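Remarks on the overall topology
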Amino acid sequence: QVQLVESGGGLVQAGGSLRLSCAASGRTFSDYALGWFRQTPGKEREFVAAISWSGGNTYYADSVKGRFTISRDNAKNTVYLQMNSLKPEDTAVYYCATNLRGSVYYTDPHDFNSWGQGTQVTVSS
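These remarks concern the structure in this document. As the structure is a prediction and not an experimental result, all values here were calculated from the model. (Residues numbered from 1 in each chain as written. Predicted model: local features only at pLDDT ≥ 70, side-chain atom pairs only at ≥ 80, totals over all residues. Heavy atoms only, no water.)

We now examine the overall build of the chain. Helix and strand counts for the chain come out as 0 helices and 11 strands. For 125 residues, the compact-globule formula gives about 14 Å, and the C-alpha radius of gyration of the chain, at 13 Å, lands near that figure. Principal-axis analysis of the C-alpha atoms gives the chain an extent of 40 × 25 × 25 Å. For the chain, buried positions account for 43% of its 125 residues. Of the contacts made within the chain by residues no fewer than 6 positions apart, 56% connect residues no fewer than 24 positions apart. As presented, the chain carries roughly 6,300 Å² of accessible surface, and 46% of it is formed by carbon and sulfur atoms. (Helix = DSSP H or I, 4+ residues; strand = E, 2+ residues; numbered from the N terminus. Rg over C-alpha atoms; globule rule 2.2 N^0.38 Å. Buried < 20%, exposed > 50% of the residue type's maximum accessible area, 1.4 Å probe, protein only. Contact = heavy atoms within 4.5 Å. Areas by Shrake-Rupley, 256 points an atom, 1.4 Å probe, with all protein chains shown as cover.)

Take a look at the structure:
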């Protein structure tokens with residue numbers, strides 16, 4: 001199993017940018033497709049973006065398309081989420097997880113495991 005640790009969250013003004021990182025250890029990182037999710041109190045975990053094992057395929061939630069970019073560096077066992085033009089509604093705890101299905105088009109949290117502990121992103125208006 002892969003262990004994942006997210007970092008890079010923080011407080012940013014609306015319109016600003018942040019880059020989140022998800023560092024992996026354990027089993028071979030490059031075997032897995034990965035995804036980013038986010039969650040706010042009282043709400044279900046929401047899909048944000050996913051990337052294939054090679055990085056060649058990506059998929060985004062409509063709410064972040066054109067603003068967020070997911071990428072990965074298999075040599076560094078790390079996946080990234082570049083977040084630009086941030087909005088207050090992007091405020092959440094962001095999690096990365098391994099994709100059990102292999103395809104980037106699975107967006108249900110139940111299709112993912114090996115969740116990290118999350119990193120808080122707060123966007124002020």
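Structure shown, so let's carry the discussion forward.
Counting 34 residues, the largest nonpolar core has Trp 36, Val 48, Phe 68, Ile 70, Leu 81, Met 83 and Tyr 94 as the members making the most contacts within it. Those elements giving two or more residues to this core turn out to be strand S1 (2-7), strand S3 (18-26), strand S4 (33-39), strand S5 (46-51), strand S7 (68-73), strand S8 (78-83), strand S9 (92-99) and strand S11 (119-124). If you tally residues by element for this core, the top one is S5, at 5 residues. (Core = buried A, V, L, I, M, F, W, Y, C linked by side-chain atoms within 4.5 Å.)

Before going further, it helps to examine the side chain of Arg 38. Structurally, Arg 38 is set in strand S4. A polar contact of 3.5 Å, which involves the side chain of Arg 38, links it to the side chain of Ser 63. Setting aside residues up to four positions removed in sequence, Arg 38 forms contacts with Glu 44, Arg 45, Glu 46, Val 48, Ser 63, Val 64, Phe 68, Glu 89, Asp 90, Ala 92, Val 93 and Tyr 94. (Polar contact = N/O pair within 3.5 Å; in protein donor to acceptor, adjacent residues only side chain to side chain.)

The strand order across the open sheet built from 4 strands is S1-S3-S8-S7, with neighbouring strands paired in antiparallel fashion. Here the strands that pair on one side only, and so sit at the sheet edges, are S1 and S7. Within the sheet, the average angular offset between the axes of one strand and its neighbour, ignoring direction, is 20 degrees. Of the strand pairs in this sheet, S1 and S3 are connected by 6 bridges, and their pairing is antiparallel. Among the inter-strand pairings, Glu 6 is bridged to a residue of S3, identified as Cys 22. (Pairing = 2+ DSSP bridges. Axes fitted to C-alpha atoms, helices over the stretch in contact; angles between N-to-C directions.)

Moving on: the environment of Asn 77. Inspection of the secondary structure assignment puts Asn 77 in the loop between S7 and S8. Sequence-wise, Asn 77 and Cys 22 are 55 residues apart; in three dimensions their C-alpha atoms are separated by 8.4 Å. Leaving out residues up to four positions away in the same chain, Asn 77 has contacts with Cys 22, Ala 23, Ala 24 and Phe 29.

Further remarks concern the pattern of salt bridges. Evaluated as defined, the whole model comprises 5 salt bridges. When the shortest N-O distance is used, the salt bridge between Asp 62 and Lys 65 registers 3.1 Å. Its salt-bridge partner being Asp 111, residue Arg 101 comes within 2.8 Å of it at the nearest N-O pair. Of this pair, Arg 101 sits in the loop between S9 and strand S10 (112-113) while Asp 111 sits in the loop between S9 and S10, placing them 10 residues apart in sequence. Sharing partners across several salt bridges, the network here consists of Arg 38, Glu 46, Arg 67 and Asp 90. (Salt bridge = Lys/Arg side-chain N within 4 Å of Asp/Glu carboxyl O.)

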